[in-house]
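Tertiary structure, described
Here is what each chain is made of, one letter per residue.
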Amino acid sequence: MRGHDAIQNSWFSYVSLEDRIPKQHPLRRLRLLVDGVLASMDAIFAERYSHTGRPSIAPEKLLRALLLQVLYTVRSERQLMEQLDYNLLFRWFAGLGVDDAVWERSVFSANRERLLSETLSREFFTRVLAIAEWQNLVSDEHFSVDGSLIEAWASHKSFIKKDGSGPDKPAGRNPDVDFSGEKRSNATHQSTTDPEARLYKKGEYTESKLRYITHALSENRNGLIVDVETTPATGTAEIEAAHKMIKRRVPQGGSVGADKGYDQTGFVNGLSERGVKAHVARNKTGSAIDGRTARGKGYAQSLKRRKIVEEAFGWIKTVGGLRKTRHIGLAKVAGQALFCFAAYNRRGCSTCWCSRRNRRGPEYRAKTASGE
């Protein structure tokens, strides 16, 4: 017999939010890891809040919501609040009950300003990486380094002369500006929207835009990111940031792979002074890498594995939404980059750990579940 399309709203639901989420959903594994990291940061959160006044959004809930924004490519915080209102999966992951009110977008943004800083994001990133190291997913000898451009939240129209000369800004909300034929450079011009963004391009035939550069150092075992540095876009930023990250993370005797842009005498010699092997792709002429190094098996393996760092940049730009930043200022962009790479590592930690756990068979899974 045909059923009737009867629609009647229910006042009560007898199924818990926990039961709505599939047992094998990947966010369940991710939630366990996230809760462990956030619990370890309790003292850090306490330092950022006063003991009096109106209660804010719980920092744990706010960071879990921001993690959802990265993982599911939610383009704005307004849309994130909309998703949290009707998406039961999002509510469960963020820690909201079925009947809990969703935060106002402006309140969420104001609370985010306190948390999404470079200092706290680096702390979150470091603790995520510690889990990967505990799971033996991170190599401590072989690394790769690279940098990628991040488009700033500023347009060409905001890039005007520093001394204030030039034609007056025409009236209108988004007026037309004709800068055809005008010579513009970072020495004479500056963006009024984001003064720290710089006009920059990498390729010979690419367009110049207001940008930052984010740099990443990856390990070669599973391609996880072990260090991140975000800098203004300059011609020497990649080499300087690479030296800084290598000094922090790469031990003596280790190796670092890189593309041809790092084939410079200063970079190669700097690594040699630290006792680190420079496995840099050679330029056709005038290479700083000697022939003996280029003939080694380790060199060939490093060049093959170094391309895995490109996967991280591709992920944070397409999935993480960092192709163009939504924040203004170097400190906020650096915090966003660290948080995106932490989400990338956390996704990798849960995937690598579960795949290794499944490969070892039911006996190992039973022991792991029992805590042995």
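If you look the chain up in an unreviewed UniProt entry, it shows as Transposase from Methylomonas denitrificans.

Time to look at the overall build of the chain. Along its length, the chain carries 15 helices and eight strands. Summarising its shape, the C-alpha atoms of the chain cover approximately 80 × 70 × 55 Å along the three principal directions. Classification of the 372 residues of the chain by burial places 44% in the buried group. Long-range pairs, those at least 24 residues apart, make up 66% of the contacts in the chain between residues at least 6 apart in sequence. Seen as two clouds, the 60 positive and the 43 negative side-chain charges of the chain have centres 4 Å apart.

The next point concerns the UniProt feature "domain: Transposase InsH N-terminal" (unreviewed entry) in the chain. As annotated in UniProt, the feature "domain: Transposase InsH N-terminal" (unreviewed entry) corresponds to residues 16–114 in the numbering used here. Taken end to end, residues 16–114 is 66% helix and 0% strand, and its first and last C-alpha atoms sit 33 Å apart.

Let us now look at the domain arrangement of the chain. Examined at the domain level, the chain breaks down into domain 1 (17–116) and domain 2 (139–164 + 185–357). Listed as interface residues are 16 residues of domain 1 and, on the opposing side, 16 residues of domain 2. Across the interface of domain 1 and domain 2, roughly 1,400 Å² is buried in total on both sides, 70% from carbon and sulfur atoms. Linking domain 1 with domain 2 are one salt bridge, by the criterion used here. The salt bridge partner of Lys332 is Glu113, with a shortest N-O separation of 2.9 Å.

All right, on to the UniProt feature "domain: Transposase IS4-like" (unreviewed entry) in the chain then. What UniProt calls "domain: Transposase IS4-like" (unreviewed entry) maps, in this numbering, to residues 200–345. The straight-line gap between the two end C-alpha atoms of residues 200–345 is 29 Å; of that span, 42% is helix and 19% is strand.

Per the counting criterion, the structure on display carries seven aromatic pairs. When the ring of Phe313 is compared with that of Phe341, the centres are 5.9 Å apart and the planes differ by 80 degrees; the resulting orientation is edge-to-face. Of this pair, Phe313 sits in helix 13 (residues 309–318) while Phe341 sits in helix 14 (residues 330–359); the two residues are 28 residues apart in sequence, bridging distant segments of the chain. What makes Phe341 buried here is its relative accessible area of 0%.

With respect to the helices and strands, the residue Ser109 is situated in helix 7 (residues 105–115). The class of Ser109 is buried, set by a relative accessible area of 13%. A polar atom in the side chain of Ser109 sits 2.5 Å from the side chain of Glu77.

Burial along strand 7 (residues 255–258) is two-sided: Ser255 and Gly257 facing one way and Val256 and Ala258 facing the other are all buried. Sheet topology note: the strand 1 (residues 142–151)/strand 7 ladder contains three bridges and is parallel. By the bridge assignment, Phe143 is partnered in strand 7 with Val256. Relative to strand 8 (residues 277–280), strand 7 runs parallel, the two sharing four bridges. Residue Ser255 lies in a different strand from strand 8, and its bridge partner there is Lys277. One crossover worth recording links strand 7 to the parallel strand 8 by way of helix 10 (residues 265–273), and it is right-handed.

What counts as what
- The numbering scheme is per chain: residues are counted from 1 as the chain's sequence reads.
- Given that this is a predicted model, residues contribute local features only at a pLDDT of at least 70 and side-chain atom pairs are listed and counted only at 80 or more, while totals for whole chains, interfaces and linings are drawn from all residues.
- Heavy atoms from the whole structure form the basis of all side-chain values; hydrogens and water molecules are not counted.
- By definition, any uninterrupted DSSP run of H or I lasting at least four residues is a helix, any uninterrupted run of E lasting at least two residues is a strand, and each is numbered from the N terminus.
- Three exposure classes are used, based on accessible area relative to the maximum for each residue type with a 1.4 Å probe and protein chains only: buried under 20%, partly exposed in between, and exposed over 50%.
- Note on definitions: a residue-residue contact is assigned when non-hydrogen atoms from the two residues lie within 4.5 Å.
- Only four residue types enter the tally: Lys and Arg on the positive side, Asp and Glu on the negative side; His and the chain ends are excluded.
- Taken as the charge location is NZ of Lys, CZ of Arg, CG of Asp or CD of Glu.
- UniProt positions are given in the numbering used here, feature names are shortened, and annotations may be inferred rather than shown by experiment.
- What counts as a domain boundary in this text is fixed by an automatic or database domain assignment.
- Simply put, the buried area is the total loss of 1.4 Å probe accessible area from both parts when two parts are fitted together.
- What makes a salt bridge here is a side-chain nitrogen of Lys or Arg within 4 Å of a carboxyl oxygen of Asp or Glu, nothing more.
- Pairing of aromatic rings covers Phe, Tyr and Trp, the last through its six-membered ring, and needs centres within 6.5 Å; plane angles under 30 degrees mean stacked, over 60 mean edge-to-face, and all others mean tilted.
- By the criterion applied in these results, polar contacts are pairs of N or O atoms within 3.5 Å in which, for protein atoms, one can donate a hydrogen and the other can accept it, and in which residues neighboring in sequence qualify only through two side-chain atoms.
- In this description, strands pair whenever DSSP reports at least two bridges between them.
- For the handedness criterion, the strands are oriented away from the viewer, and a crossover whose path from the first strand over the helix to the second runs clockwise is classed as right-handed.

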